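Chain residues, written in single-letter form:
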Amino acid sequence: MALYITEECTYCGACEPECPTNAISAGSEIYVIDAASCNECAGFADSPACVAVCPAECIVQG
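Bear in mind the structure is a predicted one, so any value in this text is a computation, not a measurement.

Undergrad: Give me the overall build of the protein chain: which residues, what numbers.
TA: Within the protein chain, the regular secondary structure consists of 1 helix and 4 strands. For the protein chain, the N- to C-terminal ordering of α and β elements is β-β-β-α-β. Along the first, second and third principal axes, the C-alpha atoms of the protein chain reach 30 × 20 × 20 Å. Of all 62 residues assigned to the protein chain, the portion counted as buried reaches 34%. Restricting to contacts in the protein chain with at least 6 residues of sequence separation, those with at least 24 account for 53%. Summed over all atoms, the accessible surface of the protein chain reaches about 3,800 Å², with 51% contributed by carbon and sulfur.

Right, dumping it as structure tokens:
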């Protein structure tokens with residue numbers, strides 16, 4: 001299941017470079033996750049890398 005970025009996103013950009021599948025991109029007001037590309041870092045890390053670096057704690061299960 002893919003992750004989702006909520007409206008609490010502060011648009012800081014910390015999550016985008018952490019994504020090994022390039023599923024995160026800048027939207028018009030918040031960052032967005034492409035559900036088709038997000039695999040929650042399976043095969044890359046034990047847990048989603050973006051969640052670990054998000055200061056707003058706004059990346060959740062979709």
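Now that the structure has been shown, the text picks up again.
Undergrad: For the UniProt feature "binding site: [4Fe-4S] cluster 2" in the protein chain, give the residues involved together with the corresponding values.
TA: In the numbering adopted here, UniProt assigns the feature "binding site: [4Fe-4S] cluster 2" to Cys19, Cys38, Cys41 and Cys50. Across 32 residues in sequence, these annotated residues keep their C-alpha atoms within 10.7 Å of one another, forming a single compact spot. Tracing the backbone through its elements, the reader meets Cys19 in the loop between strand S1 (3–5) and strand S2 (24–26). Along the chain, Cys38 falls in the loop between strand S3 (31–33) and helix H1 (49–53).

Undergrad: Account for the UniProt feature "binding site: [4Fe-4S] cluster 1" in the protein chain, with residues named and values stated.
TA: In the numbering used here, UniProt assigns the "binding site: [4Fe-4S] cluster 1" feature to Cys9, Cys12, Cys15 and Cys54. A maximum C-alpha distance of 10.4 Å is found for the annotated residues, which run over 46 residues; spatially they form one tight group. Relative to the elements of secondary structure, Cys9 occurs in the loop between S1 and S2. You can call Cys9 buried: its relative accessible area is 14%. Dropping the residues within four chain positions of it, Cys9 is found in contact with Ile30, Tyr31 and Cys58. Mapped onto the elements, Cys54 comes out in the loop between H1 and strand S4 (59–61).

Undergrad: Before we move on, can you summarise the environment of Ile24 with the specific residues and values?
TA: Structurally, Ile24 is set in strand S2. Its relative accessible area of 5% is what places Ile24 among the buried residues. In this structure the C-alpha to C-alpha distance between Ile24 and Cys50, which are 26 residues apart in sequence, comes to 8.9 Å. Among all residues touching Ile24, those that are not within four sequence positions of it are Ile5, Cys15, Glu16, Cys19, Tyr31, Val32, Ile33 and Cys50.

Rules and cut-offs
Residues numbered from 1 in each chain as written. Predicted model: local features only at pLDDT ≥ 70, side-chain atom pairs only at ≥ 80, totals over all residues. Heavy atoms only, no water. Helix = DSSP H or I, 4+ residues; strand = E, 2+ residues; numbered from the N terminus. Buried < 20%, exposed > 50% of the residue type's maximum accessible area, 1.4 Å probe, protein only. Contact = heavy atoms within 4.5 Å. Areas by Shrake-Rupley, 256 points an atom, 1.4 Å probe, with all protein chains shown as cover. UniProt positions renumbered as here; feature names shortened; annotations may be inferred.

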